[in-house]
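The primary structure of each chain is shown beneath.
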Amino acid sequence: MGALGAHMSIAGGIHKALWRGKQLGCDTIQIFTKNANQWRAKPLVPGDIDAFQKAWQQTGINPIMAHDSYLINLASPEEGLYRQSLKALGEELQRAEALRLPYLIMHPGSHKGSGEQEGLHRIAQGINLLYHRGGGTEVMILLETTAGQGTNLGYRFEHLAKIIELVEEDERVGVCLDTCHVFAAGYDISTPEGYEATFEEFHRIIGLDRLKVIHINDSRAQLGTRIDRHEHIGRGHLGLETFRRLLQDTRFAALPFILETPKGKDSQGEDWDVVNLRVLRELL
Ligand code: MN
Ligand code: MN
Ligand code: ZN
């Protein structure tokens, strides 16, 4: 079975995310390599990278993946925001490469009324531009499945397949499936039949070999509502049986599973990440 972990804060230094993860019992973690709500980032200096590599060796946490900033929108029809997004994503690729992270997970983008096909083309064009420039050559971009709030793209497997089809170096594009998002988008993985049908569809349209990471979140919103609200494992509309099915699915045995459930402590004062990891491990 694959590695289990959670998204970890980099407050106080990127290497600290590893120690936080270790303390909570993560085998794997996801991080932002910079503040996700700001465009600007302090450049990484050799000291940051050394501290990170050292903590990586000492904790043995693996793999570690990056998630891109929430501000980036490669589907933007607005030229200014598009260019700013390109620049920021290019910098994130470089940061991920400097830290030697294998994956940069990104939300495909929001077309803002310009239309889905136009948005998908802009995303692929942006990835092509960045890859041609040669930045972050060892890093694979993972397109995340989304709930489809507003004009967000990525709520249909066809969207991701289209982007992959249009990217020239398509061997450098994979997919991150978010369980909460696909359910909110209308793929009913909460029943045995719906679960099988969803992954059969994923395989037919995208190919299961593209799937590199699973974001393992329960959903506070109901099926097909296209509302993105993460819930603790077993306390939302997906329920424990869905996660049991997923964790016991041999097709995903080698994949990392990352929690993005709400942070903080439960009523017993226990860290929610610890609680959710325990619930998941008990399902195995
Ligand atoms: Mn995400
Ligand atoms: Mn996610
Ligand atoms: Zn989400």
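Structure: above.
Remember, predicted model here, so these are calculated numbers, not experimental data.

1. Remarks on the overall build of the protein chain
Next, step 1: For the protein chain, the count of helices and strands is nine helices and 12 strands.
Next, step 2: Its C-alpha atoms give the protein chain a radius of gyration of 18 Å, within 12% of the compact-globule value 19 Å for 284 residues.
Next, step 3: Counting only C-alpha atoms, the protein chain reaches 50 × 45 × 30 Å along its principal axes.
Next, step 4: Looking at the protein chain residue by residue over its 284 residues, the buried ones come to 55%.
Next, step 5: Within the protein chain, counting contacts between residues at least 6 apart in sequence, those at least 24 apart form 75% of the total.
Next, step 6: Accessible surface, the protein chain as shown: approximately 12,100 Å² in total, 49% of it carbon and sulfur.
Next, step 7: Charged side chains of the protein chain number 31 positive and 37 negative; the gap between the two group centres comes to 6 Å.

2. Notes on helix α2 (residues 46-59)
Next, step 1: Under the 1.5 Å per step criterion, the end-to-end length of α2 is 20 Å for 14 residues, consistent within 8% with the ideal 20 Å.
Next, step 2: Along α2, the positions that sit buried rather than exposed are Ile49, Phe52, Gln53, Ala55, Trp56 and Thr59. Axial view of α2: buried residues confined to an arc of 165°, hence all on one face. Exposed residues on α2 whose side chains face more than 90 degrees from its buried face are Pro46, Asp50, Lys54 and Gln57.
Next, step 3: On its buried side, α2 packs onto α1 (15-24), β2 (28-31), β3 (64-67) and α3 (79-98).
Next, step 4: Positive backbone phi, approximately 70°, marks Gly60, located one or two places after α2.

3. Describing unusual backbone geometry
Next, step 1: Geometrically, the link from Asn62 to Pro63 is a cis peptide bond, its omega value of -5° lying close to zero.
Next, step 2: Here Pro63 lies in the loop between α2 and β3.
Next, step 3: One non-glycine residue, Arg100, lies in positive phi territory at about 60°.
Next, step 4: Locating Arg100 in the fold gives a position in the loop between α3 and β4 (103-106).
Next, step 5: Under the relative-accessibility criterion, Arg100 is labelled exposed at 60%.
Next, step 6: In this model, Arg226 sits at a positive phi of 60°, which is unusual for a non-glycine residue.
Next, step 7: When you line up the elements, Arg226 lands in the loop between β10 (218-219) and β11 (230-231).

4. A short note on the coordination of the manganese ion (ligand 2)
Next, step 1: Protein-derived coordination of the manganese ion (ligand 2) comes from Glu144 (OE), Asp178 (OD), His215 (ND1) and Glu260 (OE), at a distance range of 2.1 to 2.3 Å.
Next, step 2: Distance-wise, the manganese ion (ligand 1) is placed 3.3 Å from the manganese ion (ligand 2), both being coordinated by Glu144. Of the two residues, Glu144 sits in strand β6 (residues 140-144) while Asp178 sits in strand β8 (residues 173-178), which places them 34 residues apart along the sequence. There is no split in this pair, since Glu144 and Asp178 are both buried.

5. A closer look at the coordination of the manganese ion (ligand 1)
Next, step 1: Coordination of the manganese ion (ligand 1) by the protein comes from His67 (NE2), His107 (NE2) and Glu144 (OE), over a distance range of 2.1 to 2.2 Å.
Next, step 2: Here the donor residues for the manganese ion (ligand 1) map to a single chain with the spacing H-x39-H-x36-E.

6. Here's the deal with the environment of Tyr82
Next, step 1: Along the chain, Tyr82 falls in helix α3.
Next, step 2: Judged by its relative accessible area of 3%, Tyr82 is buried.
Next, step 3: Residues Tyr82 and Ile123 lie 41 residues apart in sequence; the distance between their C-alpha atoms is 9.4 Å.
Next, step 4: With residues near it in sequence (within four places) discarded, Tyr82 still touches Asn73, Leu74, Ser76, Arg122, Gln125 and Gly126.

7. Structural notes on the nonpolar core
Next, step 1: By size, the foremost hydrophobic cluster in this structure holds 76 residues, and its most contacted members are Ile127 and Phe252.
Next, step 2: In this structure, Met65, Tyr103, Ile105 and Ile258 belong to the second largest nonpolar core, which totals eight residues.

8. Things to note about the pairing of β2
Next, step 1: Here β2 shows a buried face lined by Thr28 and Gln30 and a second buried face lined by Ile29 and Ile31.
Next, step 2: Bridging between strand β1 (residues 4-7) and β2 involves three bridges; their strand directions are parallel. What sits directly across from Gly5, in β2, is Thr28.
Next, step 3: What joins β1 to β2 is α1, and the crossover it makes is right-handed.
Next, step 4: Where β2 meets β3, three bridges bridge the pair, whose relative direction is parallel. Each bridged residue has a counterpart across the sheet, and for Ile31 the counterpart in β3 is Ala66.
Next, step 5: Between the parallel elements β2 and β3, the chain passes through α2 in a crossover that is right-handed.

Conventions we followed
- Residues numbered from 1 in each chain as written.
- Chains lettered and ligands numbered in written order.
- Predicted model: local features only at pLDDT ≥ 70, side-chain atom pairs only at ≥ 80, totals over all residues.
- Heavy atoms only, no water.
- Helix = DSSP H or I, 4+ residues; strand = E, 2+ residues; numbered from the N terminus.
- Rg over C-alpha atoms; globule rule 2.2 N^0.38 Å.
- Buried < 20%, exposed > 50% of the residue type's maximum accessible area, 1.4 Å probe, protein only.
- Contact = heavy atoms within 4.5 Å.
- Areas by Shrake-Rupley, 256 points an atom, 1.4 Å probe, with all protein chains shown as cover.
- Lys, Arg positive; Asp, Glu negative; His and termini not counted.
- Charge placed at Lys NZ, Arg CZ, Asp CG, Glu CD.
- Expected span 1.5 Å × (residues − 1).
- Arc of directions from axis to C-beta.
- Donors = N, O, S within 2.8 Å, 3.2 Å for Na, K, Ca; no water.
- Core = buried A, V, L, I, M, F, W, Y, C linked by side-chain atoms within 4.5 Å.
- Pairing = 2+ DSSP bridges.
- Right-handed = clockwise from strand over helix to strand, strands pointing away.

Function cannot be inferred from these measures alone, as they are strictly geometric.
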